[in-house]
Amino acid sequence: MKFLMLIFKNLRRNMVRSLLTSAGIMVLVFVITLIWSILGFLDMATSEKAANFKGIVTEKWSIPSQLPFSYAATLEDGAAREESDVKPMDSMTWQFFIGSVDKTNIGFSTFIFAFCMEPKKLLTMMDELDSLQPGPRATLDTAIKAMEGNRQGIIVGQKRLAAIEKKVGDKIKVFGINYRDIELECEIVGTFPPGRYDNNTCINRDYLNASLDAFKAAKGRPHPLAEKTLNLVWVKVPTKDAFSKMSNQIDSSPMFAAPPVKIETASSGVSNFLAAYKDLLMILRYLLAPAIIITLTVVISNAISISVRERRKEMAVLKVIGFQPNQIILLVLGEAILLGVVAGAISSIGTYYFVNRVIGGIPFQIAFFSSFPVLDGALWWGAAIGFITSFAGSILPALSTRSIKVVDVFSKVA
Amino acid sequence: MTEKPIVRVSHVSRYFKRGSERVNVLNDLDLNVPEGQFLALMGPSGSGKTTLLNLIAGLDTPSEGEIWVGDRCVSTMNESQLARWRNEHVGFVFQFYHLLPVLSAYENVELPLLLLPLSAKKRREQAMTALELVGLEDRNSHLPSQLSGGQQQRVGIARAIVTDPTLIVADEPTGDLDAKSAHEILDLLGTLQRSLNKTILMVTHDLRAARRADRIQHLDKGRLVDQPDESLYEAG
Ligand SMILES: Nc1ncnc2c1ncn2[C@@H]1O[C@H](COP(=O)(O)OP(=O)(O)O)[C@@H](O)[C@H]1O
Ligand SMILES: [Mg+2]
């Protein structure tokens, strides 16, 4: 565009003012980039969990957690004893079975890592599988029905299936690694949708438990892990209150004396901790961030108003020479927007690279977070903030040039 | 003066509202200017010289009457049409030069061409030709602040002629210059008129400046008079 040169020259005219205005934009965009990154990151860390509030019950003092399966029923009830006690909305037990499809050769192409669980819980308690699109959900549901009809049926992730060179419908033997001398004879009835569970396997918990019973019947003694098969219990609760009530129920239950158990959740931990910072975060989000945007608009508006007022005569000359009123308006808007977009983009993109690449995150201690990355959005939002605020700040001064009369240019006083 | 007039002002009046009062600045005024003529408009301060020049140059619209320049009726055009017409057909020379301070002499001269559908090469040719005509081709990269008043006015004249306009209007073009520079500017206008056959309308209250023109018209009480009271200008 031919007028770009004119816009550049006008910005260069008052270098000091242009630089000060840019510096103001950069500082404010820098601050808002930090605020939005922290808020955005905390949102991501808590949002999924706030909508899907799960607790994990594990052995209290020991890692790995190994509980007797006799705990399962009580824990799935949230250790509720009284009528008024809280029960989970849903629950799920996990027993890990690590095995190999080849008894002697254990490696990448034979390895199996399986959750032994109630098949139907796949659709209600597993992250991501609980929110599938209708198509994949129906496919998975068909496999679950097959597992329920045949307790030796298993679901294998697609990458794992490829690694062991099997397909749906094949029958395989899985030799226990953690469960020594337990051999499961399985039939592959389906796979997981691609993604998070590509390398996992799901086995019906009834089949594992029955295999351990069969071991005892055959050998005349229980399997060494017989009382240690339950690794985790997941419970879903509606609210934080319900969660803490259930936590009390579990802590005070006489059922779980040896070994003792604990309930916790990363997401509730985040949310609970952040509750203490609620006011601070509200102020950042609803007061500081908007105030910065408004300040930015005012800074730009002020600079552009002054620059327009200084140049009314020049703009009258441009009109005399033949510039249309709209072209003058565009020149003013162009100056403001060029300044705003360039300064805003430099600031937020610079912040992104500096914080993420050089200092490795925004050091800001809140709850158990101590460092925040600048979000990818910063690559564009500086330019967007610059555009919006410079447009908002310059539209009135720009429109005010319409009142500049061409006849003024010949008036006595220059 | 047998040629067809290029500027025709007929029965033009212009009045302004000042509060509830109506001030008649021009009253039923007629003026014809033939193509290629250098006309000086004189008159006491406040007599309406600038008002008349503004009307002819399409910066203002008459309250009554018609103004034609070439084959265009200027008095009925709207603001946007006037802007486009001025760009192509009128060159303006101002008392205070009114160059854009951020642009070089060359860029100031090129400015009116930016509004026309011309290639960068064509613009460059035309702007450099205009600068040569005023004798400032070697100063093309100077900023206005690096030029003398007379040189700035010559850049102003180059900007006025760069679109090869039908008409050049100048309001007190020498009013802010010393006698020597004023003399040079008037020489330049005379040269342009003769060599390029430009029609020039110049407002001045300096009789010596006016005498450089082909014809002098005097404005008094809203009308043109041929024989003025010369004593009005004796100070010169
Ligand atoms: N826009 C306007 N509004 C009101 N009065 C005006 C306007 N323009 C000019 N005038 C008046 O018209 C008269 C002539 O002005 P002008 O044409 O500038 O005179 P000159 O150029 O001959 O000195 C003056 O009295 C001036 O005050
Ligand atoms: Mg005047």
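Above this text is the structure in question.
Residues numbered from 1 in each chain as written. Chains lettered and ligands numbered in written order. Predicted model: local features only at pLDDT ≥ 70, side-chain atom pairs only at ≥ 80, totals over all residues. Heavy atoms only, no water.

Remarks on the packing of aromatic side chains
Move 1: For the structure shown, the criterion picks out 15 aromatic pairs over all chains.
Move 2: Seen in terms of ring centroids, F3 of chain A and F323 of chain A are 5.6 Å apart; in terms of plane orientation they differ by 55 degrees. Their pairing is tilted. One end of the pair, F3 of chain A, is in the segment before helix 1 (4-13); the other, F323 of chain A, is in the loop between helix 11 (312-321) and helix 12 (325-358), and 320 residues separate them in sequence. Of the two residues examined, F3 of chain A and F323 of chain A, each falls in the buried class.
Move 3: With centroids separated by 5.6 Å and ring planes inclined at 90 degrees, the aromatic side chains of F41 of chain A and F372 of chain A adopt a geometry described as edge-to-face. Taken together, the residues F41 of chain A in helix 2 (residues 15-50) and F372 of chain A in strand 11 (residues 369-372) connect sequence positions 331 residues apart.
Move 4: Taking the relative accessible area as the measure of exposure, F41 of chain A reaches 23% and is therefore partly exposed.
Move 5: Each member of the aromatic cluster is reached from another via a ring pair, and the members are W94, F96, F113, F115 and W234 of chain A.
Move 6: Its end group placed over the ring of W234 of chain A, K54 of chain A keeps NZ or CZ at 6.0 Å from the ring centre.
Move 7: It is R124 of chain B that lies over the ring of Y106 of chain B; its NZ or CZ is 4.6 Å from the centre. (Phe/Tyr/Trp six-rings, centres within 6.5 Å; stacked < 30°, edge-to-face > 60°. Helix = DSSP H or I, 4+ residues; strand = E, 2+ residues; numbered from the N terminus. Buried < 20%, exposed > 50% of the residue type's maximum accessible area, 1.4 Å probe, protein only. Lys NZ or Arg CZ within 6 Å of the ring centre and 35° of its normal.)

Points about the site of ligand 1
Move 1: The full set close to ligand 1 counts 12 residues, and G46, G48, K49, T50 and T51 of chain B are the nearest of them.
Move 2: Site remark: ligand 1 is flanked by residues from chains A and B.
Move 3: The contact in question runs from an oxygen atom of ligand 1 to an N or O atom on the backbone of G46 of chain B, over 2.8 Å.
Move 4: Relative to its unbound accessible surface of 560 Å², ligand 1 loses 68% to contact with the protein.
Move 5: Secondary-structure elements contributing two or more residues to the shell around ligand 1 are strand 1 (5-18) and helix 1 (49-56) of chain B. (Near = heavy atom within 4 Å. Polar contact = N/O pair within 3.5 Å; in protein donor to acceptor, adjacent residues only side chain to side chain. Areas by Shrake-Rupley, 256 points an atom, 1.4 Å probe, with all protein chains shown as cover.)

Some words on the side chain of T174 of chain B
Move 1: Relative to the elements of secondary structure, T174 of chain B occurs in the loop between strand 7 (167-171) and helix 6 (179-196).
Move 2: Dropping the residues within four chain positions of it, T174 of chain B is found in contact with A182, I185, L186 and A209 of chain B. (Contact = heavy atoms within 4.5 Å.)

Looking at the pattern of salt bridges
Pairing of side chains with opposite charge becomes possible as their charged atoms draw close.
All names here are of chain A.
Move 1: All told, the structure shown has 23 salt bridges over all chains when counted by the stated rule.
Move 2: Where E310 meets R17, a salt bridge forms, and the shortest distance between an N and an O atom there is 3.1 Å. Pair noted here: E310 is in helix 10 (residues 278-310) and R17 is in helix 2, with a separation of 293 residues, a long-range link.
Move 3: For E310, a relative accessible area of 46% puts it in the partly exposed group.
Move 4: By relative accessible area, R17 is classed as buried at 19%. (Salt bridge = Lys/Arg side-chain N within 4 Å of Asp/Glu carboxyl O.)

Looking at the interface of chain B and chain A
Move 1: Each partner contributes residues to the interface: chain B has 28 residues there, and chain A has 25 residues.
Move 2: The contact between chain B and chain A buries some 2500 Å² in all, and 70% of this surface belongs to carbon and sulfur atoms.
Move 3: It is V102, L114 and L115 of chain B that lose the most area in chain B upon contact with chain A, and together they represent 23% of the buried surface on that side.
Move 4: In this assembly, chain B and chain A are joined by one salt bridge.
Move 5: Between K9 of chain A and E107 of chain B there is a salt bridge whose closest N-O contact spans 2.5 Å.
Move 6: Between chain B and chain A we count five residue pairs in polar contact (both at pLDDT 80 or more) in total.
Move 7: At the level of secondary structure, the elements contributing two or more residues to the side of chain B that touches chain A comprise helix 1, helix 2 (79-89) and strand 6 (90-93) of chain B.
Move 8: Residues of the side of chain B that touches chain A, tallied by class, amount to 15 nonpolar, five polar and eight charged. (Buried area = accessible area lost by both parts, 1.4 Å probe. Nonpolar A, V, L, I, M, F, W, Y, C, P; charged D, E, K, R; others polar.)

Things to note about helix 4 (residues 120-133) of chain B
Residue and element names in this part refer to chain B.
Move 1: In this model helix 4 runs 20 Å from its N-terminal to its C-terminal C-alpha over 14 residues, within 8% of the 20 Å that 1.5 Å per residue would give.
Move 2: On its buried face, helix 4 is in contact with helix 3 (105-110) and helix 5 (149-161).
Move 3: Once helix 4 ends, the next one or two residues include G135, with phi positive near 75 degrees. (Expected span 1.5 Å × (residues − 1).)

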